[in-house]
Every structure is written in C-alpha cells, then in structure tokens.
Amino acid sequence: MSIRVTFCCLLLGLLVGCASQDAVQASRQHLQRGNVLLAYRTIEDARDALEASGVAIDPDSELEKCYQDTRILFLLSQARQAMYANDEDEAIRLLGVVQSDRPENRRAKELMVRARKKKAVRLASEGDVHLAGGDLFQALSSYELALKEDADCKAAHDGMDKVNAAITKLTGEAQRQFLDAMRKLPEFRYNESSYHAGVALL
C-alpha cells in the first residue's frame, strides 16, 4: 500500500509539474504577442486549478513567479485602460496595489504621477464650473482637492486666485461667513493667512 501511495504521489507531482510548465510557457507566449489579459488569465487559471486540487503552491516555483510577474503587468494594463476611460480614481487604486507589492516599479510610479495630474486637472475644471456659478465654497473645495493630487497644478492655482479675487467683492459680513465656514474644514490645505494677505476684510 505504501509503495502504491508513494507511486501515486510521484505521478501526481509529475503531472502537476508538467501542467504548471505548460501554463507558464503558454502565458509567456501570450505576453510575447502583446496579449497581457490572456497571459494573466492563463497563468491565473492554472494556479487556481492547483489550489482547488489541494496542491500547495511553492512561492519559489516558476509558476508562482510567473503568476506574480504577470499579475503586475495585468494591473498596469488595467490602470492604463482606466486612465483612458477618464477613471483616474480606479487607475490610482490599481497602481497603489502594484506599488504595495513592487514599491520600486518604475512604470507604476510614472503612471501614478500621470493619473494624479490628470485627476487634478479634472478637479480644477470642476472648480471652474462652480466658480462660474458663483459657488465659491465648492469652487475652493475642488481646487484644494486638485492641489492634493498635484501641488503644481496651474489650473488649480489660477482658480484659487480667482476665488481670492471674488472674495474681495463680497461684503464684510459675507467674507467673514466664508472664512468661518472654511475654518471648519480641517481636511483642506486652506491657509487663512494667505487670504488675509490678499483680501482686506471690509
């Protein structure tokens, strides 16, 4: 009985090894053809099948290394697609996953900068809409959020200047109410001293 069990275990190990190697080769071929999605699905399905069969996956195995590397490429690809679809929040989320696993990934860093800059421009545009509608509070909110994503966002800085100019046209009481409201928002980078420097309370 023990010999039979040992033989079955060896046979199973051989079959698993062959299946894993086939999956790795197939995944790499898909990558060579530029099909990241199919490459990832192929290696992911093989890995899932092994786990479902109760086989422990060696973290140093070629299958696992291929899976982890392909997963990163897949996440980067998905992040790029999210950016093209103007879904910067999803892109930033996906890139955050990549950076948590591969902090030194240069491509992830580059895409994160691009995604955050793009989000900042979008937020600044929203601020312009609020400003045009006379909603200084929401305009400032959008500009502040934009600057959190990209401290050098010119559109946001220009928008802040326009809000500052608009405040000067308010009555003294309206200015005070506006500043009091802003003091209640600690999440903003709001710098009251800069407003006092450029806005003379009436």
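Provided above is the structure to which this section pertains.
As the structure is a prediction and not an experimental result, all values here were calculated from the model.

Trainee: Honestly, the packing of helix α2 (residues 36–52) against helix α3 (residues 62–84) in this entry has me stumped. Any pointers?
Mentor: The description of two helices packed together rests on the angle between their axes and the distance between the axes. One way to put it is that α2 packs onto α3 with a least axis distance of 9 Å and a crossing angle of 140 degrees. Compared by their axis directions, α2 and α3 come out oblique. Crossing hand, α2 versus α3: left-handed. Across from Val36, Leu37, Ala39, Tyr40, Arg41, Ile43, Glu44, Ala46, Arg47 and Leu50 in α2, the residues of α3 making contact are Leu63, Glu64, Cys66, Tyr67, Gln68, Thr70, Arg71, Leu73, Phe74 and Ser77. Classifying every residue of the contact of α2 with α3 gives 12 nonpolar, 3 polar and 5 charged.

Trainee: Quick question: what am I supposed to make of α3 here?
Mentor: For the α-helix, the turn length of 3.6 residues means that residues three or four positions removed from each other point alike. Look at α3: 33 Å from first C-alpha to last across 23 residues, which is about the 33 Å you get at 1.5 Å a residue. Looking one or two residues beyond α3, the residue adopting positive phi is asparagine 86, at roughly 60 degrees.

Trainee: Help me understand the packing of helix α4 (residues 88–101) against helix α5 (residues 106–132), please; the structure alone is not making it clear to me.
Mentor: Their axes nearest at 9 Å, the elements α4 and α5 cross at an angle of 155 degrees. When the axes of α4 and α5 are compared, the pair comes out roughly antiparallel. Our pair here, α4 against α5, has a crossing hand that is left-handed. From α4, Glu88, Asp89, Ala91, Ile92, Leu95, Gly96, Val98 and Gln99 reach across to α5, where they touch Ala108, Lys109, Leu111, Met112, Ala115, Arg116, Lys118, Lys119 and Arg122. Of the residues that constitute the contact of α4 with α5, the class distribution is 8 nonpolar, 2 polar and 7 charged.

Trainee: Got a minute to help me understand the nonpolar core in this structure?
Mentor: One broad rule of soluble globular proteins: the nonpolar side chains tend to lie buried together. In terms of nonpolar packing, the biggest core is built from 18 residues, with Tyr143, Val163 and Phe178 touching the most fellow members. Of all the secondary-structure elements, those providing two or more residues to this core are α5, α6 (136–149), α7 (154–167) and α8 (172–183). Among the elements that line this core, the one with the most residues is α6, at 6 residues. In terms of nonpolar packing, the next biggest core, distinct from the first, is built from 15 residues, Ala82, Val98, Ala108 and Ala115 among them.

Trainee: Just to check I follow, could you spell out unusual backbone geometry for this structure?
Mentor: One can expect most non-glycine residues to show negative phi and most peptide bonds to be in trans. Positive phi, normally seen in glycine, also occurs at asparagine 86, with a value near 60 degrees. Summarising the element assignment, asparagine 86 is placed in the loop between α3 and α4.

Trainee: I'm lost on the pattern of salt bridges in this one. Help?
Mentor: Across all of its chains, the model carries 17 salt bridges by this definition. A salt bridge links arginine 93 to glutamate 90; the shortest N-O distance between them is 2.8 Å. Of this pair, arginine 93 and glutamate 90 are both found in helix α4, 3 residues apart, which corresponds to roughly one turn of the helix. Between glutamate 110 and arginine 107 there is a salt bridge, and its shortest N-O distance comes to 3.1 Å. With a gap of 3 residues between them, glutamate 110 and arginine 107 both fall in helix α5, about one helical turn apart. In the salt-bridge network here, residues are joined through shared partners; they are Asp89, Arg116, Lys119 and Glu149.

Trainee: Quick question: what am I supposed to make of the packing of aromatic side chains here?
Mentor: Where two aromatic rings form a pair, the distance of their centres and the angle of their planes describe that pair. Enumeration over the complete set of coordinates arrives at 2 aromatic pairs. Aromatic side chains tyrosine 40 and tyrosine 67 sit 6.0 Å apart centroid to centroid with 25 degrees between the ring planes, which places their arrangement in the stacked category. With tyrosine 40 in helix α2 and tyrosine 67 in helix α3, the pair connects residues that are 27 residues apart, well separated along the chain. In this structure tyrosine 40 comes out as buried when scored by relative accessible area, which is 7%.

Trainee: So what exactly am I meant to see when it comes to α2 here?
Mentor: Look at α2: 24 Å from first C-alpha to last across 17 residues, which is about the 24 Å you get at 1.5 Å a residue. Buried within α2 are the following residues: Val36, Ala39, Tyr40, Thr42, Ile43, Glu44, Ala46, Arg47 and Leu50. Directly beyond the C-terminal end of α2, a positive phi value near 90 degrees is found at glycine 54.

Trainee: Explain the side chain of serine 27 here, please?
Mentor: Mapping serine 27 onto the fold places it in helix α1 (residues 2–32). We classify serine 27 as buried; its relative accessible area is 0%. Once you skip the residues sitting within four places of it in the chain, serine 27 turns out to touch Ala39, Thr42, Ile43, Cys66 and Thr70.

Reading the values: the criteria
Residues numbered from 1 in each chain as written. Predicted model: local features only at pLDDT ≥ 70, side-chain atom pairs only at ≥ 80, totals over all residues. Heavy atoms only, no water. Axes fitted to C-alpha atoms, helices over the stretch in contact; angles between N-to-C directions. Helix = DSSP H or I, 4+ residues; strand = E, 2+ residues; numbered from the N terminus. Parallel < 35°, antiparallel > 145°, perpendicular 65-115°, else oblique. Left-handed = near helix turned anticlockwise from the far one by under 90°. Contact = heavy atoms within 4.5 Å. Nonpolar A, V, L, I, M, F, W, Y, C, P; charged D, E, K, R; others polar. Expected span 1.5 Å × (residues − 1). Core = buried A, V, L, I, M, F, W, Y, C linked by side-chain atoms within 4.5 Å. Buried < 20%, exposed > 50% of the residue type's maximum accessible area, 1.4 Å probe, protein only. Salt bridge = Lys/Arg side-chain N within 4 Å of Asp/Glu carboxyl O. Phe/Tyr/Trp six-rings, centres within 6.5 Å; stacked < 30°, edge-to-face > 60°.

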